[in-house]
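Inside the fold
Each chain, written out:
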Amino acid sequence: MMAGRLEAFGQGESVLKEPRYLEELEDRLHFYMEECDYLQGFQILCDLHNGFSGVGAKATELLQDEYSGRGIITWGLLPGPYSLGEPQKNIYRLLNTAFGLVHMSAHSSLVCPLSLGGSLGLRPEPPVTFPHLHYDATLPFHCAAILATALDTVTVPYRLRSSPVSMVHLADMLNSSGKKVATAAATIPFPLVPGQSLPDALVQLGGATAWTPLSACGDPSGTRFAQSVVLRGLDKACHTSRLAPGTRLPSPLHACDTGEDVLAQYLQQQQPGVRSSTHLLLAPCKVVPPYPCLFSPSLSRHGLLLDGPPLGAAVESIPVLGALCSSSTSGRALGDLARELGKLDVRRWASFMDAGVEQGDVEEALQELGSLAQCYQGGDGLAD
């Protein structure tokens, strides 16, 4: 084991079992609690693939014990592409991810993996792509910028003072029947041509293929049970149709009176019967330096798609469409992860065992993963 590194789940978990670290965490929490006028809950960001998954799991357990009834939404961060030539690193990644998801979901209101990779398991999948972004998936700076853009968007409902949606309310909408593992998806940037209306853009956008998955759970076209969708960065003037009175409407979206109605109608068309919460935010996502230069030259300064030749102007802001979803995609990914874990003899990895994980712990995690996957089957939908 490399000195100073948290490589295994058990190592991270043991950190917050040490009195000095536990006392420091509790002191800092109490300080911020005293400064807080209104506590919705806690948002935790931690790596899922290394020993910090154990730190995050223990932190959620402590928060749940001390602040029962508050929301706890945990974001598990995963790296992009990886190599089959590093077997120990990949096995550790699988074990840490499995243990992290099991333990964090037990103590969080909601858990969402965040990654530009294509899979939670051992089989490498190519990183996701965006039509108007040119990024290097091997650069953490690029990956972090894109994931931060999505995170800043999908968390809008419980961060806006004007929003009636709290962290607990959002989690309750998505975690029904034990569906604690959500997935994120986004369209970055949202494709809008200057002078185009939101109904026009959504008609062109289409359905499931419009979303780029951001949770390493594979194809996002599975059954959705509930979703929270945020569209930001569009001028209010283009929220509804600009067609002259008496003009034949190209779609039902063009008959809506508000942008909120347009977005809700679009989601109802694409996923009938899915429980949806929608938010429109006028403020775009700022992408000025130090945000990396990732954007296609076909974008304007404000992230709109240009019909003519590129202007060469630096992009300063972009519109973004983001979603946090409860879907059968999670169930399928958890099931695949459980099957891979079931084939693994953890006793071959002595250093992981030395970190406090035993074969019985793996078997227990395997059962819990199976139970989590079962939550996405039957009742209100079937896991694909």
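Presented here is a report on the structure given in the accompanying data block.

Definitions and cut-offs
- Residues numbered from 1 in each chain as written.
- Predicted model: local features only at pLDDT ≥ 70, side-chain atom pairs only at ≥ 80, totals over all residues.
- Heavy atoms only, no water.
- Buried < 20%, exposed > 50% of the residue type's maximum accessible area, 1.4 Å probe, protein only.
- Helix = DSSP H or I, 4+ residues; strand = E, 2+ residues; numbered from the N terminus.
- Arc of directions from axis to C-beta.
- Pairing = 2+ DSSP bridges.
- Contact = heavy atoms within 4.5 Å.
- Axes fitted to C-alpha atoms, helices over the stretch in contact; angles between N-to-C directions.
- Core = buried A, V, L, I, M, F, W, Y, C linked by side-chain atoms within 4.5 Å.
- Domains from an automatic or database assignment.
- Parallel < 35°, antiparallel > 145°, perpendicular 65-115°, else oblique.
- Left-handed = near helix turned anticlockwise from the far one by under 90°.
- Nonpolar A, V, L, I, M, F, W, Y, C, P; charged D, E, K, R; others polar.
- Phe/Tyr/Trp six-rings, centres within 6.5 Å; stacked < 30°, edge-to-face > 60°.
- Lys NZ or Arg CZ within 6 Å of the ring centre and 35° of its normal.

With respect to helix 7 (residues 167–174)
Those residues of helix 7 that sit buried are Met167, Leu170, Ala171, Met173 and Leu174. Down the axis of helix 7, the buried set is contained in an arc of 160 degrees. They therefore lie on one face.

Concerning the sheet that holds strand 5 (residues 212–213)
Reading across from one edge, 5-4-10-6-7 is the order of the five strands in this open sheet, with mixed pairing throughout. With one partner strand each, in any of the chains shown, strand 5 and strand 7 (275–281) form the two edges of the open sheet. Strands strand 6 (224–232), strand 7 and strand 10 (320–327) of the sheet are contacted by helix 9 (residues 259–270), whose axis makes an angle of about 145 degrees with strand 7. Its contacts with the sheet place helix 10 (residues 328–342) against strand 4 (183–187), strand 6 and strand 10, and it is angled at close to 60 degrees to strand 10.

Quick word on the nonpolar core
Membership of the largest hydrophobic core comes to 43 residues, with the highest contact counts inside it found for Trp75, Leu116, Phe130, Tyr135, Ile188 and Leu324. Contributions of two or more residues to this core are made by strand 2 (71–77), strand 3 (110–114), helix 5 (140–154), helix 7, strand 4 and strand 10. With seven residues, helix 5 is the largest single contributor of residues to this core. For this core, the domains that each give at least three residues are domain 1 (38–148 + 336–375) and domain 2 (174–239 + 253–325). In this structure, Phe130 is in contact with Leu116, Tyr135, Ile146, Ile188, Thr212 and Leu214, ignoring residues within four places of it in sequence. Core analysis: the next-biggest nonpolar cluster, separate from the first, contains 41 residues, Met104, Val181, Ala365 and Ala373 among them.

Quick look at the packing of helix 4 (residues 87–107) against helix 10
Their axes nearest at 11 Å, the elements helix 4 and helix 10 cross at an angle of 125 degrees. Accordingly, the angle class assigned to the pair helix 4 and helix 10 is oblique. Both helix 4 and helix 10 take part in a crossing whose hand is left-handed. Contacts from Leu94, Leu95, Thr97, Ala98 and Leu101 of helix 4 reach helix 10 at Leu334, Leu337, Glu340 and Leu341. When the residues that make up the contact of helix 4 with helix 10 are grouped by side-chain class, the tally is seven nonpolar, one polar and one charged.

Overview of the packing of aromatic side chains
Following the criterion strictly, the structure yields six aromatic pairs and no others. Pairing Phe42 with Tyr67 gives two aromatic rings, centres 5.1 Å apart and planes at 55 degrees, and the pair type is tilted. Taken together, the positions of Phe42 in strand 1 (residues 41–47) and Tyr67 in the loop between helix 3 (52–66) and strand 2 put the pair 25 residues apart, joining distant regions of the chain. With respect to burial, Phe42 and Tyr67 carry one shared label: buried. Note on Phe130 and Tyr135: the rings are 6.1 Å apart at their centroids and 65 degrees apart in plane angle, and the pair reads as edge-to-face. In this arrangement the basic side chain of Lys179 is found over the ring face of Phe225, its NZ or CZ atom lying 4.9 Å from the centre. One Lys or Arg, Arg224, reaches over the ring of Trp211 and ends 5.1 Å from the middle of that ring.

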